[in-house]
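# Reading the structure
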Amino acid sequence: MNMRDAVPAVKEKPESGSGRLSSVTSALLVMKAFSAEEAEIGISSLAKRLGLAKSTVHRLAVTLAAEGFLEQNPETGRYRLGLSLFTLGALARRRMDVSNVSRPLLGVLRDKYQEASTLAILSGNSVMFLHNLESGQAIGIRAHIGDLKPAFCTAEGRVLLAFSPPTVLAEVLKEGLSPRTAKTLTDAAALKRVLDEVRMAGYAIDDEESEDGMRCLAAPVRDISGKVIAAVGLAGPTQRLTKKDLRAMAPLLGAVPEGGHGHPREWLAPQLGGSFDADRFAAQW
């Protein structure tokens, strides 16, 4: 079955109230109507397929084309998918690449320290865990793929917030800093100072601020351009991981102070965002 068979007709609604949401749905269905078999489609065909008025489809197509999500063939007048979709797809693919490439290195980290290793990204005001390789010990941190935790009080989240634009932190502060434990930092000014320290040190530590009895160390994962795209973490119970232990582990986890440099073999986290031979790198540990 190709995409044209999979796209249902849309019942038109007035452009008021929920009508605006209907327009978004219609715009998405317009883009989903294209396929490898039919890369270009005219307004009349789109309107008939979606069950919408030609004027509505034309308005949607013009709007999508203005934002780069569609392009119009100047010779035929038909529309095709635009490069803005390619840009968004490349971003999604990059996240998938980081997740897939990171797994063997996270395994090396877990086996070396016998504690859970994690990979997380920002998702709104939270961190989403793409990987959590558990330590196998009776007591340890538990997180599943896709789990969300507040960014402001987790080590992974603080790393990501520290290297994000100020607007990202502003949204977190607007939502409020609700405590998860008795140690959770809930003062906005104090949090900003902590994030400044994270940028300077190149790593973050969560000392029972997210979960009672648990500590976590995290460092940034950068892409080839140096942009922070994820955070790698090492977490375990307080009786096994002292704050002194975590600071000693920071250089091996990949922490590089702001403006600092390191040989690729000396840093774990930066490798996750670049091009490398995972088996060869793991063997060095």
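Owing to the predicted nature of the structure, the values given are computational and were not obtained by experimental measurement.

## Some details on the environment of Gly82
- Of note, Gly82 is situated in the loop between β2 (79-81) and α5 (83-113).
- Residue classification places Gly82 among the buried residues on the basis of a relative accessible area of 7%.
- Linking Gly82 and Glu67, residues 15 residues apart in sequence, is a C-alpha distance of 8.8 Å.
- With sequence-adjacent residues up to four places away left out, Gly82 is seen in contact with Gly68, Phe69, Leu70 and Glu71.

## Remarks on the pairing of strand β7 (residues 214-222)
- Among the nine residues in β7, eight count as buried, and that is most of the element.
- As paired strands, strand β6 (residues 204-207) and β7 are joined by four bridges and run antiparallel to one another. Bridge pairing in β7 places Ile205 opposite Leu217.
- In this structure, the hairpin formed by β6 and β7 is closed by a connection of six residues, where Glu208 is found at a positive phi of approximately 60 degrees.

## A short note on unusual backbone geometry
- At Gln114, a residue that is not glycine, the phi angle is positive and equals roughly 60 degrees.
- Summarising the element assignment, Gln114 is placed in the loop between α5 and β3 (116-123).
- The phi angle at Glu208 is positive, at roughly 60 degrees, despite the residue not being glycine.

## Here we look at the side chain of Ser117
- Structurally, Ser117 can be placed in strand β3.
- Looking at Ser117, its side chain comes within polar contact range of the main-chain oxygen of Leu106, at 2.8 Å.
- Apart from residues no more than four positions distant in its own chain, Ser117 is found in contact with Leu106, Leu109, Arg110, His131, Asn132, Leu133 and Gly233.

## Here we look at helix α3 (residues 43-50)
- For α3, the complete set of buried residues consists of Ile43, Leu46, Ala47, Arg49 and Leu50. Down the axis of α3, the sector holding all buried residues measures 165 degrees, keeping them to one side.
- Immediately beyond the C-terminal end of α3, within one or two residues, lies Gly51, with a positive phi of roughly 75 degrees.

## As for the pattern of salt bridges
- Inspection of every chain in the model, using the stated rule, returns 12 salt bridges.
- A salt bridge links Arg199 to Asp196, with the nearest nitrogen and oxygen atoms 2.1 Å apart. Highlighted residues: Arg199 and Asp196, both in helix α8 (residues 188-201), separated by three residues, approximately one helical turn.
- Classification of Arg199 as partly exposed rests on a relative accessible area of 22%.
- For Arg215, the salt bridge goes to Asp207, with nearest N and O atoms at 2.7 Å. Taken as a pair, Arg215 and Asp207 share a single burial class, namely buried.
- Ionic contacts of the salt-bridge type, sharing partners, join the residues Lys183, Asp207, Glu208, Arg215 and Lys243 into one network.

## Describing the packing of aromatic side chains
- As enumerated under the stated definition, the model contains zero aromatic pairs in all.
- Over the face of the ring belonging to Tyr113 we find Lys112, whose NZ or CZ atom lies 5.8 Å from the ring centre.
- Positioned over the ring face of Phe163 is Arg222, at 5.0 Å from the centre of the ring.

What counts, and at which threshold
Per-chain numbering applies: the sequence of each chain, read as written, is numbered from 1 onward. A pLDDT threshold of at least 70 governs which residues receive local features in this predicted model, and a stricter bar of 80 or more applies before side-chain atom pairs are shown or counted, although totals over entire chains, interfaces and linings include all residues. Excluded from the side-chain calculation are hydrogens and water; included are all heavy atoms of the structure. The secondary structure listing takes helices from DSSP runs of H or I that are at least 4 residues long and strands from runs of E that are at least 2 residues long, numbered from the N terminus. For every residue, the accessible area (1.4 Å probe, protein chains only) is compared with the maximum for its type, and the residue is labelled buried under 20%, exposed over 50%, or partly exposed between those bounds. Between two residues, a contact is recorded if the distance between any of their heavy atoms is within 4.5 Å. One bridge is not enough; two strands pair if DSSP finds at least two bridges between them. Each polar contact in these results corresponds to two N or O atoms within 3.5 Å; when the atoms are within protein, one needs to be able to donate a hydrogen and the other to accept it, and residues that are neighboring in sequence are counted only if both atoms are side-chain atoms. Directions from the helix axis toward the C-beta atoms define the arc. Only one rule defines a salt bridge in this text: a Lys or Arg side-chain nitrogen within 4 Å of an Asp or Glu carboxyl oxygen. What counts as a ring pair is set by centres within 6.5 Å for rings of Phe, Tyr and Trp (its six-membered ring), and what kind of pair is set by the plane angle: stacked under 30 degrees, edge-to-face over 60, tilted for all other angles. Lysine and arginine charges are scored as sitting over a ring when NZ or CZ, respectively, is within 6 Å of the ring centre and within 35 degrees of the ring normal.

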